[in-house]
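Structure at a glance
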Amino acid sequence: MGSKDNVLVDKSFKFAVRIVNLYKYLINNKKEFVLSKQLLRCGTSIGANIHESQDAQSKLDFISKLSISLKEAKECKYWIKLLRETDYLTNKEANSLLTDLIKLIKLLTSIIKTSKKIKD
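Structure report, in brief.

What counts and what doesn't
Residues numbered from 1 in each chain as written. Predicted model: local features only at pLDDT ≥ 70, side-chain atom pairs only at ≥ 80, totals over all residues. Heavy atoms only, no water. Helix = DSSP H or I, 4+ residues; strand = E, 2+ residues; numbered from the N terminus. Rg over C-alpha atoms; globule rule 2.2 N^0.38 Å. Buried < 20%, exposed > 50% of the residue type's maximum accessible area, 1.4 Å probe, protein only. Contact = heavy atoms within 4.5 Å. Areas by Shrake-Rupley, 256 points an atom, 1.4 Å probe, with all protein chains shown as cover. Lys, Arg positive; Asp, Glu negative; His and termini not counted. Charge placed at Lys NZ, Arg CZ, Asp CG, Glu CD. Core = buried A, V, L, I, M, F, W, Y, C linked by side-chain atoms within 4.5 Å. Expected span 1.5 Å × (residues − 1). Phe/Tyr/Trp six-rings, centres within 6.5 Å; stacked < 30°, edge-to-face > 60°. Axes fitted to C-alpha atoms, helices over the stretch in contact; angles between N-to-C directions. Parallel < 35°, antiparallel > 145°, perpendicular 65-115°, else oblique. Left-handed = near helix turned anticlockwise from the far one by under 90°. Nonpolar A, V, L, I, M, F, W, Y, C, P; charged D, E, K, R; others polar. Salt bridge = Lys/Arg side-chain N within 4 Å of Asp/Glu carboxyl O.

**Comments concerning the overall build of the protein**
Looking only at helices and strands, one finds four helices and zero strands in the protein. Scanning the protein from its N terminus toward the C terminus, one meets helices and strands in the order α-α-α-α. A compact globule built from 120 residues should have a C-alpha radius of gyration of about 14 Å, and the protein, at 15 Å, falls within 12% of that. With the C-alpha coordinates aligned to their principal axes, the bounding extent of the protein is approximately 50 × 20 × 20 Å. Counting the 120 residues in the protein, one finds 41% classified as buried. Sequence separation of at least 24 residues holds for 73% of the intrachain contacts in the protein that already meet a minimum separation of 6. For the protein, the computed accessible surface area is about 7100 Å², with 55% contributed by carbon and sulfur atoms. The protein carries 23 positive and 13 negative side-chain charges, and their two centres are separated by 5 Å.

If you want it as structure tokens, here you go:
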């Protein structure tokens with residue numbers, strides 16, 4: 001895979017680190033255990049599926065793994081917004097996470113579309 005994919009791997013890993021740290025903050029400081037667990041699951045799944053896509057068995061497998069990552073990213077967006085609206089996250093905290101997440105969503109969308117156009 002090209003350098004664009006390496007950027008995606010790097011950005012998704014850094015986002016997962018942020019999510020893990022946020023999870024620790026939410027359970028330790030805010031005593032929030034349910035929503036934070038959902039966010040932890042989908043927020044770390046993005047990068048895990050992207051990482052797995054790097055060794056895809058075929059182009060269809062590659063697209064499938066990235067499509068799962070995209071779905072997880074969109075779910076993550078939901079949980080961040082919900083945590084913001086329920087005052088577990090400030091606007092500043094949520095917007096910072098959403099900015100990074102939207103970049104990931106755009107990268108994933110672009111790579112998936114491009115991959116679908118390329119012939120085997």
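**Focus on the nonpolar core**
Soluble globular proteins tend to pack their nonpolar side chains together in the buried interior. Counting residues in each nonpolar core, the largest one holds 33 residues, and the members touching the most others are Phe15, Ile46, Cys76, Ile80 and Leu101. No other element matches helix H4 (residues 91–117), which puts 10 residues into this core. Among residues more than four places away in sequence, those in contact with Phe15 are Gly43, Ile46, Cys76, Ile80, Leu97, Asp100, Leu101 and Leu104.

**Thoughts on the environment of Ser110**
With respect to the helices, strands and loops of the structure, Ser110 is situated in helix H4. Taking the C-alpha atoms as reference points, Ser110 and Ile46, 64 residues apart in sequence, are found 15 Å from one another.

**Some thoughts on H4**
In this model, H4 (27 residues) spans 38 Å end to end at C-alpha, consistent with the 39 Å of a helix rising 1.5 Å per residue. Buried within H4 are the following residues: Ala94, Leu97, Leu98, Leu101, Leu104, Ile105, Leu107, Leu108, Ile111, Ile112 and Ser115.

**What about the packing of aromatic side chains?**
For the coordinates displayed, the defined rule picks out one aromatic pair. Ring centres of Tyr78 and Trp79 lie 5.0 Å apart, and the angle between their planes is 75°; on these two criteria the pair is classed as edge-to-face.

**Things to note about the packing of helix H2 (residues 35–53) against helix H3 (residues 59–85)**
Contact geometry for H2 and H3: axes closest at 8 Å, N-to-C directions at 155°. By the angle between their directions, the pair H2 and H3 is classed as roughly antiparallel. Of the two possible hands of crossing, H2 and H3 adopt the one that is left-handed. Taken together, the residues of the contact of H2 with H3 break down into 14 nonpolar, six polar and five charged.

**Focus on the packing of H3 against H4**
Running from N to C, H3 and H4 cross one another at 160°; their axes reach a closest spacing of 9 Å. If you check the angle between H3 and H4, you find them roughly antiparallel. You can see that H3 and H4 cross each other, and the crossing is left-handed.

**Considerations on the pattern of salt bridges**
Counted under the stated rule, the structure contains seven salt bridges. We note a salt bridge from Lys65 to Asp61, for which the minimum N-O separation is 3.2 Å. Of this pair, Lys65 and Asp61 are both found in helix H3, four residues apart, which corresponds to roughly one turn of the helix. Considered together, Lys65 and Asp61 belong to a single accessibility category, that of buried residues.

Function-wise, these values are silent; they only describe arrangement.
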